[in-house]
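Listed here are the chains, written in short residue letters.
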Amino acid sequence: DFCLSRGLGDVYKRQGVDRTIFSSARRDPEWRRSLGLADDDVAIVFLGRLVMEKGLDVFAETIVRLRAAGAPHKVLVIGDGPARGWFEANLPGGIFAGFKTGEALGQALASGDVFFNPSVTETFGNVTLEAMASGLPVVAAGATGSASLVAEGVTGRLVAPSGAKDSDAAAFAAALAPYCGDPALRAAHGAAGETRACEYSWEAINQVVADTYVRLIEARRAPASSLAA
């Protein structure tokens with residue numbers, strides 16, 4: 001039925017996150033230590049395919065500025081791709097954990113401290129949602145993907161992209177710096193993000209689908225009931 005399928009269309013377009021994989025409970029201090037991350041190190045995470053379109057140049061320039069400002073942090077890169085060599089060369093000291101899937105991905109992501117996503121090409125921002133579900137505050141470009149997920153000043157920070165690498169990197173560095181030195185801020189925004197991500201659990205989305213079916217079926221029956229009366 002056209003009306004029924006149209007009514008469900010927006011529901012099925014909604015993305016979800018697997019909370020059995022992405023959760024702050026997946027944080028693993030031993031795994032961090034195995035990579036050279038001390039318990040009090042602040043790990044800024046990049047997650048995704050290593051291609052230049054993901055904003056690797058802006059990410060690298062942002063880290064240069066953070067280091068120059070003396071903001072204490074380390075960089076944890078999760079993923080692989082053709083630009084890995086470029087990224088490694090431009091992120092000296094960065095920790096490259098490689099490509100991860102499933103529970104290993106959930107473990108790696110939750111073991112970070114801040115998620116940084118400078119990409120302006122995401123249509124929804126699955127990686128942003130996964131980071132939020134893992135209890136990480138998010139600093140991201142205020143573009144289509146992340147802007148619909150991140151609550152400014154509540155679950156992280158959104159930076160309006162200007163299209164100029166230097167100015168964008170400066171703005172991102174300014175947004176990231178407070179998280180590097182304030183564990184209470186990281187904890188508060190990370191917890192708020194995880195709560196927000198619960199709205200996108202598959203259980204919640206499936207419930208929306210079921211509720212939509214009931215609502216549409218009742219709406220279809222209503223005219224017939226009115227005529228019978």
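Above this text is the structure in question.
Residues numbered from 1 in each chain as written. Predicted model: local features only at pLDDT ≥ 70, side-chain atom pairs only at ≥ 80, totals over all residues. Heavy atoms only, no water.

> How do you make sense of the packing of helix α8 (residues 165-181) against helix α9 (residues 183-197) when you look at a structure like this?
Angle between the axes and distance between the axes are the two parameters that describe a pair of packed helices. In the contact formed by α8 and α9, the axes pass within 5 Å of each other and the chain directions differ by 110°. By the angle class used here, α8 and α9 are roughly perpendicular. Within the contact between the two elements, α8 uses P178, Y179, C180 and G181 and α9 uses P183, L185, R186 and H189. By residue class, the composition of the contact of α8 with α9 is five nonpolar, two polar and one charged. (Axes fitted to C-alpha atoms, helices over the stretch in contact; angles between N-to-C directions. Helix = DSSP H or I, 4+ residues; strand = E, 2+ residues; numbered from the N terminus. Parallel < 35°, antiparallel > 145°, perpendicular 65-115°, else oblique. Contact = heavy atoms within 4.5 Å. Nonpolar A, V, L, I, M, F, W, Y, C, P; charged D, E, K, R; others polar.)

> What exactly am I supposed to notice about the nonpolar core here?
Membership of the largest hydrophobic core comes to 29 residues, with the highest contact counts inside it found for I44, F59, L66, V77, F87, L91 and V139. Among the secondary structure elements, those contributing two or more residues to this core are β1 (43-47), α3 (56-69), β2 (74-78), β4 (114-117), β5 (138-141) and α8. In this view, V77 contacts F46, L50, F87, L91, I95, F96, A97 and G98; residues no more than four positions away in its chain are not counted. The next biggest cluster of nonpolar side chains, apart from the first, holds 28 residues, and it includes F22, I95, A131 and V150. (Core = buried A, V, L, I, M, F, W, Y, C linked by side-chain atoms within 4.5 Å. Buried < 20%, exposed > 50% of the residue type's maximum accessible area, 1.4 Å probe, protein only.)

> So what exactly am I meant to see when it comes to the pairing of β2 here?
If a strand is regular, its side chains alternate between the two faces of the sheet. With four of five residues buried, β2 is to be regarded as a mostly interior element. Where β1 lies against β2, five bridges are found, and the strand directions are parallel. Counterpart to I44 in the pairing with β2 is V75. After leaving β1, the chain enters α3 and then returns to the sheet as β2, a path that is right-handed. Across three bridges, the pairing between β2 and strand β3 (residues 95-98) is parallel. Bridge assignment links V77 to a residue of β3, and that residue is F96. Following the chain from β2 across helix α4 (residues 84-90) to the adjacent parallel β3, one finds a crossover that is right-handed. (Pairing = 2+ DSSP bridges. Right-handed = clockwise from strand over helix to strand, strands pointing away.)

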